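This is what each chain is made of:
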Amino acid sequence: MTRLLIVVVVTALLAGLFWFGITASQGRAIGPTQLGRVMPDFSRPVFARYQAEFGETLSLPTGKPVVVSFWASWCGPCHAQAPTLEAAWRRYRDQVLFIGVNTQDRGNERQAEAFLNQSGITFPNVKDLDNRLGVDYGLFGVPETFFIRRDGTLQHRHAGPITTAQLSAQLEELLQ
Amino acid sequence: MKRPLYAAAGVAVLAVAGWMIYQALYGSLVFFILPSEYAQNPAQFEDRRIRLGGIVANDSVTFDNDSLKLTFLISDSLKSLPVTHHGAPPELFREMMGVVVEGHFKEGGFASDNLLVRHTEVYQPDGKPIDNEALRRALY
Amino acid sequence: MTFELSLGHFGMASILLAFALTIYAMGSGIVGALKQDASLQTSARFAAFAVFLATTTALLVMLVALLTDDFSVKYVAETSSRASPTWIKVVTLWAALDGSLLLWAWMQTGYTALLALVALNSALRPWALVVMQGVQLFFLAVVAFVITPFQVLPIPPLDGPGPNPLLQNHWMMALHPILMYLGFVGLTVPFAYAMAALITRRPGTEWMQPVRLWTLAGWGFLALGKITGGWWSYEVLGWGGYWSWDPVENLSFVPWLTATAFLHSAQVQERRRMLKAWNILLVTLTFALTILSTFLIRSGVLSSVHAFAEGPVGPWFFGFFILVMLFSFGLLALRWEQVRDRSEFDSVVSREGTILAGNVLFLAMGFVVLLGTLFPLIVEAVSGQLVTIGAPFFDRVTVPIWLLIFVLMGIGPLLPWRRAEGQTLARNLAWMVGGALLAGVLAYTLGVRRTYPLLTVAIAAYNLVSLGLLIAGVVRPRVRQGLGNAAAVFTRYAYENRRRFGSMVVHFSVVVMALGVAGSSGYRLDQQLSMPIGERATFGQYELLVTGLFEERRPYKVSRGATVEVFRDDQFVTTLTPRINLFGNSPQPVSTPSVRYTFWSDLYLNLAGTVDPHDPAQQSVILRVVQSPLVAWIWIGAVILALGTGYALLPSPRREPMAARESVPT
């Protein structure tokens, strides 16, 4: 009986230690960002179909709020959220610039064009061919959407597909 | 007959081994701290191997291609410290990004021999202090 | 909404079928064992075959999905990519967490089916199968209900991100995980038999006979798995080393240590019917440590450079670990009285004495490695302080233990069972210590001054003399009896005594690897150099010249690198091409070092910083240059270990072995 007790006690101690480990590691997972950083500017080539309206290269505008949305052709949720972004763009295009950034898609030019065809997006999209812009922005993955204020500081970043409600809330705040 | 002898020898060996392990463990503990923790009590962290975590301060990175000397400021919400490291920074090394350096404090700065980039965005906002607790957790 | 049948559905169905059949197999196995019902037991065994068929189907479905770029299957969508070459698509099957668990589950069912097929009928077999199926049930449940790799995506993406670039960079990725899992699963079989022995209250030697080969095979696979992991680190991670005492490395090392201990003490039980409780304890500990290590590695609890993505499986493995602890150790505690030894050793100075001493040392090493690995967690739990335990701790505590093991390895096989005879022992020791001193002095005069390499050389010589004495002890009496000349006698002996000879070969491989480790850790040269293109730079005895930069483009990766010519004494030696690879959709570049392997030392070049062949302003490259003496002998030793283990697994020939009086009993 004593031996059984020893087994139970040792197991309980280990269980306690490892349970602590599990909860501590979950607490350690990347938490929500602190905001207010001035986002790095960039200059990237625009996809051909948008060049007439937006020029050959695009950079962050000054004095105007921007929504920068990172996507890749192979990313399912990016497809899913494209209509949401497009609808918001059509409503806010006079006040907020939407820039789509095609990243992590090296060698997939055909698929990227297909993505744009399928989604029918009319806001400008640029190519991040060497994935550097994603790194500069600290991208976690795609899709990820950055809301940048008029003064160039980061208001919010949303990792994963975004809903209409979340998008509207951020846009309203951008325009204040 | 032989039993007590073996038992005593066994206990002695265990005691010596335990002592050696204890010494080795505590001598090899590498504390993980933020710059402000060092600033609060520098003496506690001198003369031992330390892991220092923080954000690479904006506009603070210099790298000499010939001598391979990298310098930058590592900071948390309260304090910044100068770091020198011998060797090229890894590809993902960026300003305003989390980093952990391992080495020793030396003459008011930190001499690093091991640099690890951490994917974290706990940026320094205007006016509002960073949650240092969140920073610790994100970088460890 | 139309319902389209996808490969994913087949895969899911197969796994669920396997799960259901396992429940049936366990149920009928338990009832069949309790009631001694042969037909139920047979039914359970047939169910084991059916389970294996089902999981094989699932595995093949996933393979087909990967090879045909079927992105409607969740796992394929998350880990594969169209542009990957075929071999990478195959490797993607186990390259990510989810797939590797599917592979593990499949192997587990494979071993269970094999056991059901070949295991001799006994009172233990049905229970051993039940235990195996219990483990299998857990893995199948995790695959079927937690990670669901076969889940069908309603809107399949056009392409996927491709596997982790670190895992695409080297063919070793194809081999290392498979060897590790073959090892872990292989060692589950002795555990299952040990549990069966406790359940049926037959804790004697009976349970060990069926498991000898499984143990040796599992141990061998695990050893090779660890060594190939080291080689993969060496060729991929870019720091020119093969072992860093990282938590992930440590956690899979500890069960191998206990398995090695068990491998040796099993012989004591076989020969002298002793250490029964000890053996059950060891094999149980090995299995518990396997589950513990899997839990800790895949749960994100310990921070490591081998960061596996945190998934939902952590808490599940935690639960399984607690279950295994309570069940197996609890059962052992309850049956302890029936299991523990009542006989005593005749003498410590004997084969069994040295094996037991060796066991203690292996366990001690396992304990300190585990303690060091878990210590940061303990400190955080107790005080909240965040700490790490670095390599110096592990080196400091494991090296003395290892050296003692190395010494025991030489003397143990020479000792007879029961009690050593003083004169023979003294004579053998004299030869061995003499050899050690001679080698030590020789090495010292040749320039080996550091303690650890010097000791290694000395003890290596001591071990080689020991092997020589072993062989002489076998060969000489047979030659004297007129059974042939030395070579013929030796060949015949090796042919007939496969287990014994195999173990000699394995011990020899340990000597070889020890020398490789000593050379590469003691005399390593490691520098970062900024090298202007077109100018020679000196490194140790070499001169390096960067002649230019290059770029290679493939559909799934872009490589940029430098061409470096290597000279020694003004003679051209070789050209090395370290490079940086950028894989399709990942932003993180991975450097591929370029290595010149020789028997004497390796020259290892890795690029640091950036390389841009298209940038005219780039006038120099930064290289990390490492010279590691004798490191190739570690990999050569691994091959010898594999050969020795494989040979020991071969069944012995039917002929009567030569009878002879020997000066050293085998």
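Please read these numbers as outputs of a predicted model, since none were measured by experiment.

What counts as what
- Residues numbered from 1 in each chain as written.
- Chains lettered and ligands numbered in written order.
- Predicted model: local features only at pLDDT ≥ 70, side-chain atom pairs only at ≥ 80, totals over all residues.
- Heavy atoms only, no water.
- Helix = DSSP H or I, 4+ residues; strand = E, 2+ residues; numbered from the N terminus.
- Buried < 20%, exposed > 50% of the residue type's maximum accessible area, 1.4 Å probe, protein only.
- Contact = heavy atoms within 4.5 Å.
- Areas by Shrake-Rupley, 256 points an atom, 1.4 Å probe, with all protein chains shown as cover.
- Buried area = accessible area lost by both parts, 1.4 Å probe.
- Salt bridge = Lys/Arg side-chain N within 4 Å of Asp/Glu carboxyl O.
- Polar contact = N/O pair within 3.5 Å; in protein donor to acceptor, adjacent residues only side chain to side chain.
- pLDDT = per-residue confidence, 0-100.
- Pairing = 2+ DSSP bridges.

(A) Spotlight on the overall build of chain B. For chain B, the helix and strand inventory stands at 4 helices and 7 strands. The linear arrangement of helices and strands in chain B, starting from the amino end, is α-β-α-α-β-β-β-β-β-β-α. Burial analysis of chain B (140 residues in total) assigns 45% to the buried set. Across chain B, contacts joining residues at least 24 apart in sequence account for 52% of those joining residues at least 6 apart. For chain B, the exposed surface amounts to about 7,100 Å²; the carbon and sulfur share of it is 57%.

(B) Focus on the interface of chain C and chain B. In this complex, chain C contributes 31 residues to the contact, which on the side of chain B involves 25 residues. When residues of chain C are sorted by the area they lose upon contact with chain B, L386, T388 and Q528 of chain C head the list and together hold 23% of the total. In this structure, the connection of chain C to chain B is made through 0 salt bridges. Applying the counting rule to chain C against chain B returns 4 residue pairs in polar contact (both at pLDDT 80 or more). Breaking the side of chain C that touches chain B down by element, the ones donating at least two residues are α15 (351–383), β1 (387–389), α16 (391–411), β2 (525–532) and β11 (620–629) of chain C. Counting residues per element, the side of chain C that touches chain B draws most heavily on α15 of chain C, at 6 residues.

(C) How the structure looks around the confidence of the model for chain C. Residue and element names in this part refer to chain C. When the pLDDT values of chain C are averaged, the result is 89; 96% of them are 70 or greater. Confidence scores differ between elements of chain C, with helix α7 (residues 165–168) showing the lowest mean pLDDT of 76 and helix α21 (residues 632–649) the highest of 96. For residues 658–666, every residue scores under 50 in pLDDT, and the model assigns this stretch 26 contacts once sequence neighbours within four places are set aside. Interface confidence for the predicted complex, expressed as ipTM, amounts to 0.88; the pTM equals 0.88.

(D) Focus on the pairing of strand β7 (residues 579–583) of chain C. Residues and elements named next belong to chain C. Across the 5 residues of β7, 5 count as buried, placing the element largely inside the fold. Neither face of β7 is exposed, since R579, N581 and F583 on one face and I580 and L582 on the opposite face are all buried. By the bridge criterion, 5 bridges tie strand β5 (residues 557–568) to β7 in an arrangement that is antiparallel. Bridging across to β7, S559 finds its partner in N581. With 3 bridges connecting them, β7 and strand β8 (residues 590–592) associate as antiparallel partners. The residue of β8 that forms the bridge with R579 is T592.

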